[in-house]
Amino acid sequence: MNVLLSIAFVVAWSSGFIGAKLGAGSASAVTLLMWRFLPLALVLGVVALMVARASLRELTPRDLVRQVAVGALSQSGYLLTVYYAIELGVSSGTTALIDGTQPLVAGALAGPLLGLPVSRTQWLGLGLGVTGVVIVTMADAGAGTGAAWWAYLVPFAGMLCLVAATFLDRRSRTEVRPVVAMTVHAVTSAVVFTALAAGTGGAVPPSSTSFWSAVVWLVALSTFGGYGLYWLILRRSGVTKVNTLMFLMAPVTAVWGALMFGEPFGVPTAVGLALGLLAVAVVHRGDQQDPGTRRFTPRRAAWHRGRSSSRRSDRPVRAMPTAGPGSR
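A quick note: this is a predicted structure, and the numbers were derived from the prediction, not measured. (Residues numbered from 1 in each chain as written. Predicted model: local features only at pLDDT ≥ 70, side-chain atom pairs only at ≥ 80, totals over all residues. Heavy atoms only, no water.)

**Q** I'd like a description of the overall build of the chain, backed by residues and values.
**A** Looking only at helices and strands, one finds 13 helices and two strands in the chain. A fraction of 89% describes how many contacts in the chain between residues 6 or more apart in sequence connect residues 24 or more apart. For the chain, the exposed area adds up to about 13,900 Å²; of that, 68% sits on carbon and sulfur atoms. (Helix = DSSP H or I, 4+ residues; strand = E, 2+ residues; numbered from the N terminus. Contact = heavy atoms within 4.5 Å. Areas by Shrake-Rupley, 256 points an atom, 1.4 Å probe, with all protein chains shown as cover.)

Here is the structure:
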């Protein structure tokens with residue numbers, strides 16, 4: 001995996017927690033999310049019509065429904081819980097730390113759902129990453145943020161939404177172009193959050209500079225950067241690698257939150273960061289040492305996946321690796 005691509009993904013994804021914190025004091029979560037996705041859906045729709053009109057036309061109703069479900073889980077469900085947790089008083093660092101359990105859940109489910117093995121070296125790396133997340137989470141929660149105890153359970157629901165979206169996308173037999181997928185996801189979320197905001201009386205945005213600064217931050221850096229790179233790395237490198245990088249989100253966000261908002265940062269956070277970096281190195285090394293597992297692709301028809309969203313070659317060939325532990 002390209003190192004610069006990985007670094008960009010970690011920074012862009014972590015920026016979402018910071019952006020949510022920036023806008024939390026000026027509007028409710030659904031208002032912020034509504035105005036994040038309305039302009040985003042419009043821009044992506046225009047771009048998709050310009051560069052991927054053929055792919056949009058070839059998108060079958062089944063593929064469209066799948067992408068709507070993926071968008072509802074990976075963006076609507078996930079982001080609503082993250083923003084709501086921060087609105088309840090959970091710090092951006094703590095929210096990211098709780099979401100850091102996603103790789104453990106995804107790693108545990110990748111075997112039974114995708115049928116792909118995980119090497120001992122990779123399990124060691126995953127274990128190191130989980131240990132780092134637990135250490136930092138306990139230390140950050142112990143610092144006291146004034147949030148109710150149940151508020152810390154909210155990000156767990158979002159983590160499960162993202163895990164479900166990941167596996168739902170990887171179970172598809174067709175390849176949807178990233179720009180088409182992101183457009184469907186954004187339009188889905190725009191509809192969901194507009195309905196929620198209108199229903200709760202939060203559709204009218206505030207005129208504060210902080211609110212619109214947060215919106216620009218979230219659209220440009222977090223959505224285009226974070227989600228775009230997430231799906232790109234997922235398709236190029238697999239579930240295990242992209243979720244191992246997720247271990248870095250918690251400590252990076254904690255450092256960022258400490259610098260911007262004065263959130264607590266101490267020795268446990270530093271230890272968690274070191275373990276996260278070690279976990280990435282160990283899992284990637286395990287993948288290099290066990291190349292034979294990368295081409296094991298059961299539960300998937302052996303058809304070449306073309307560039308269009310629904311067409312496949314009429315000639316059976318070696319299937320592209322299914323994303324998961326040991327895949328590339």
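And the narrative resumes.
**Q** Just give me the short version of the packing of aromatic side chains, but keep the residues and values in it.
**A** On inspection of all chains with the given rule, the structure shows six aromatic pairs. Here Phe211 and Trp212 contribute two aromatic rings whose centre-to-centre distance is 5.0 Å and whose plane-to-plane angle is 85 degrees, an arrangement assigned as edge-to-face. In this structure Trp212 comes out as partly exposed when scored by relative accessible area, which is 34%. Sitting over the face of the ring of Phe261, Lys21 holds its NZ or CZ atom 6.0 Å from the ring centroid. (Phe/Tyr/Trp six-rings, centres within 6.5 Å; stacked < 30°, edge-to-face > 60°. Buried < 20%, exposed > 50% of the residue type's maximum accessible area, 1.4 Å probe, protein only. Lys NZ or Arg CZ within 6 Å of the ring centre and 35° of its normal.)

**Q** Please provide a residue-by-residue account of the nonpolar core, values included.
**A** Formed by 47 residues in total, the largest nonpolar core has its most connected members in Phe9, Trp13, Phe37, Tyr78, Tyr83 and Tyr230. Counting only elements with at least two residues in this core, the list comes to helix H1 (3–24), helix H2 (29–51), helix H4 (61–87), helix H8 (154–170), helix H9 (178–199), helix H10 (209–237) and helix H11 (239–246). With 11 residues, H10 is the single largest residue contributor to this core. Not counting the four nearest positions on each side in its chain, Trp13 is found in contact with Tyr78, Leu162, Gly226, Tyr227, Tyr230, Met246 and Met249. Ala52, Leu59, Val179 and Val184 belong to the second-largest nonpolar core, a separate cluster that totals eight residues. (Core = buried A, V, L, I, M, F, W, Y, C linked by side-chain atoms within 4.5 Å.)

**Q** Give a description of a nonpolar patch on the surface that names residues and reports values.
**A** The grouping of Leu42, Val43, Val46, Val47, Met50, Val51 and Phe224 at the surface amounts to a nonpolar patch, some 640 Å² of accessible area in total. A total of six residues in the nonpolar patch trace back to one element, the largest contributor, which is H2. Position of Leu42 relative to the elements: it lies in helix H2. (Patch = residues over 30% accessible without salt bridge, like charges linked within 9 Å, V, L, I, M, F, W, Y side chains within 5 Å. Salt bridge = Lys/Arg side-chain N within 4 Å of Asp/Glu carboxyl O.)

**Q** I'd like a rundown of helix H12 (residues 249–261), residues and numbers included.
**A** An ideal rise of 1.5 Å per residue puts 18 Å on 13 residues; H12 measures up with 17 Å between its terminal C-alpha atoms. One or two residues past the end of H12 sits Gly262, with phi positive at roughly 70 degrees. (Expected span 1.5 Å × (residues − 1).)

**Q** Quick rundown of the side chain of Asp169? Include the residues and the values.
**A** Along the chain, the position of Asp169 falls in helix H8. The exposure class assigned to Asp169 is buried, which follows from its relative accessible area of 5%. Ignoring sequence-local partners within four residues, the contact set of Asp169 consists of Gln67, Val70, Trp231, Leu234 and Arg235.

**Q** So, the environment of Leu49: which residues are in play, and what are the values?
**A** Within the secondary structure layout, Leu49 lies in helix H2. Since its relative accessible area comes to 42%, Leu49 is described here as partly exposed. Along the chain, Leu49 and Val179 lie 130 residues apart, while their C-alpha atoms are 9.9 Å from each other.

**Q** Give me the lowdown on the confidence of the model for the chain, citing residues and values where you can.
**A** Looking at the chain, pLDDT values average 76 and 77% of them are 70 or higher. The weakest mean pLDDT in the chain belongs to strand S1 (residues 303–305) at 30; the strongest belongs to H9 at 92. Counting interchain partners and residues more than four positions distant, the pLDDT-below-50 stretch residues 291–328 has 108 contacts. (pLDDT = per-residue confidence, 0-100.)

**Q** Break down the packing of H1 against helix H5 (residues 92–99) for me, citing the residues and quoting the values.
**A** Where H1 contacts H5, the axes come no closer than 9 Å and their chain directions differ by 140 degrees. Crossing angle aside, the handedness with which H1 passes H5 is right-handed. In contact with Phe17, Ile18 and Lys21 of H1, H5 contributes Ser92, Thr95, Ala96 and Asp99. Partitioned by chemical class, the residues of the contact of H1 with H5 number three nonpolar, two polar and two charged. (Axes fitted to C-alpha atoms, helices over the stretch in contact; angles between N-to-C directions. Left-handed = near helix turned anticlockwise from the far one by under 90°. Nonpolar A, V, L, I, M, F, W, Y, C, P; charged D, E, K, R; others polar.)

**Q** Report on empty space enclosed by the protein, specifying residues and quantitative values.
**A** Empty space among the atoms becomes visible once a probe the size of a water molecule is rolled across them. Tallying each qualifying case throughout the model produces eight cavities of 30 Å³ or more. If you add up the space inside the largest cavity, you get close to 100 Å³. Lining the largest cavity are Ala12, Trp13, Gly16, Phe17, Arg36, Tyr78, Leu79, Val82, Tyr83, Ser222, Gly226 and Tyr227. Elements represented by at least two residues in the lining of the largest cavity include exactly H1, H4 and H10. Residue composition of the lining of the largest cavity, by class: eight nonpolar, three polar and one charged. (1 Å grid on protein atoms, 1.4 Å probe; cavity = no way out; pocket = protein on both sides within 12 Å on 5 of 7 lines; lining within 4 Å. Points joined across faces, edges and corners; volume = space filled by probe spheres on them.)

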